[in-house]
Amino acid sequence: MGLEEKLPSGIVLTSVEKVVNWSRKSSLWPATFGLACCAIEMMATGAGRYDLARFGMEVFRASPRQADLMIVAGRVSQKMAPVVRQIYDQMPEPKWVIAMGVCASSGGMFNNYAIVQGVDHIVPVDIYLPGCPPRPEMLIDAILKLHDKIMEEPLGANIRRRERPDYQPRELVASSVRYSKDGKKAARAGSEA
């Protein structure tokens, strides 16, 4: 009942780009980096009820040198900003960042001199996750959107593909829309056109 029984003559045709991106998305290792109340929701996402292990993310790495995903969960103070940048710089390439919660995304209700008004002033952010605090389901949806983004990343000579004027990045839609019956029909209709 394995994959090899379903394939004709045991041959799989794909591109190296798709295999590499599939392996990257299937083995994201997040860094342990919780700054405030959003970290409780991030920990709940990794626990048994929501189970990030099904996405290959069961281990939150304690060392940034072993992580490729930084989930900035909570507000970032001016004092913590250099530490965030140092941890980001220590992560190996390729690396991705999720700004979890309204405080990490825009400073939230803390509009003062002590809080950074958005972690994107310190590190480049790939996915912004709103909410105060966002639910574990929302974090899982953001991770699925990041998976889609990783699958579309070009490698090697294909990187120039982004520089063309006709380049259109893939639109990220909510998982509840994409995986509904109407969403699947719309996706199939879009790919056939």
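Within each chain, residues carry numbers counting from 1 in the order of the written sequence. Restriction of local features to residues with pLDDT of at least 70 applies here, the model being predicted, together with a cutoff of 80 or more for giving and counting side-chain atom pairs; totals for whole chains, interfaces and linings are based on all residues. The basis for every side-chain value is the complete set of heavy atoms in the structure, and neither hydrogens nor water enter the calculation.

Asks: Please explain the state of the cysteines as it appears in this structure.
Replies: A disulfide bridge is the covalent bond that connects two cysteines by way of their sulfur atoms. Two cysteine sulfurs form what is called a disulfide whenever their separation falls within 2.5 Å. According to the stated counting rule, one finds zero disulfides in the structure shown. Of all cysteine sulfurs, the one in Cys38 lies closest to Cys37, which takes part in no disulfide; the gap is 4.9 Å. Its sulfur unpaired, Cys132 is 5.5 Å from the next cysteine sulfur, which belongs to Cys103.

Asks: It is not clear to me how the packing of aromatic side chains should be interpreted in this structure. Could you clarify?
Replies: Geometrically, a pair of aromatic rings is defined through the distance of the ring centres and the angle of the planes. Pairing of aromatic side chains here covers Phe, Tyr and the six-membered ring of Trp, requires ring centres within 6.5 Å, and sorts the geometry by plane angle: under 30 degrees stacked, over 60 edge-to-face, intermediate tilted. Counted by the stated rule, this structure contains zero aromatic pairs. Cation over ring: Arg61 sits above Trp29, and NZ or CZ is 4.6 Å from the ring centre. Here the guanidinium or amino end of Lys95 rests over the ring plane of Tyr88, the centre of that ring lying 4.2 Å away. The criterion for a charge sitting over a ring is simple: Lys NZ or Arg CZ within 6 Å of the ring centre, and within 35 degrees of the ring normal.

Asks: What's the story with the packing of helix H3 (residues 38-46) against helix H6 (residues 136-151) in this structure? I'm lost.
Replies: When two helices pack together, their arrangement is given by the angle between the helix axes and the distance between those axes. Interaxial angle, 0 to 180 degrees, is taken between N-to-C directions of lines fitted to C-alpha atoms, where a helix line uses only the stretch in contact. Secondary structure elements follow DSSP: runs of H or I no shorter than four residues count as helices, runs of E no shorter than two count as strands, and numbering proceeds from the N terminus. Contact geometry of H3 with H6 gives a least axis separation of 9 Å together with a crossing angle of 75°. Here H3 is positioned roughly perpendicular relative to H6, judged by the angle of their axes. Contacts from Glu41, Met42, Ala44 and Thr45 in H3 reach Pro136, Leu139 and Ile140 in H6. Gly counts as polar in this scheme, as do all residues outside two lists: the nonpolar Ala, Val, Leu, Ile, Met, Phe, Trp, Tyr, Cys and Pro, and the charged Asp, Glu, Lys and Arg. Of the residues in the contact of H3 with H6, the class split is five nonpolar, one polar and one charged. Throughout, the term roughly parallel applies to angles under 35 degrees, roughly antiparallel to angles over 145, roughly perpendicular to angles from 65 to 115, and oblique to all others. In this description, contact between two residues means that some pair of their heavy atoms is separated by no more than 4.5 Å.

Asks: What is the right way to read H3 from this model?
Replies: An α-helical turn contains 3.6 residues, so any two residues separated by three or four positions project in the same direction. Throughout this description, buried means an accessible area under 20% of the type-specific maximum (1.4 Å probe, protein chains only), exposed means over 50%, and partly exposed covers the range between. Within the span of H3, buried status applies to Cys38, Ala39, Glu41, Met42 and Thr45. Angularly, the buried residues of H3 cover 160° about the axis, an arc narrow enough to put them on a single face. Projecting away from the buried face of H3 at angles above 90 degrees are the exposed residues Ile40 and Met43. Residues of H3 that are buried sit in contact with strand S2 (69-73), strand S3 (96-100) and H6. By definition, the arc is the one covered by directions from the helix axis to the C-beta atoms.

Asks: Which parts of the structure should I look at to understand the pairing of S3?
Replies: Two faces belong to every sheet, and in a regular strand the side chains alternate between them. Of all the five residues making up S3, five are buried; the element is thus mostly covered by neighbouring parts of the structure. Seen with its strands pointing away from the viewer, a crossover is right-handed when the path leading from the first strand over the helix to the second is clockwise. A crossover connection joins S2 to the parallel S3 through helix H4 (residues 81-90); in handedness this β-α-β unit is right-handed. One ladder, built from three bridges, connects S3 with strand S4 (residues 127-129); its direction is parallel. In the strand pairing of S4, Ile98 is matched with Ile127. Strand pairing is assigned whenever DSSP detects at least two bridges linking the two strands.

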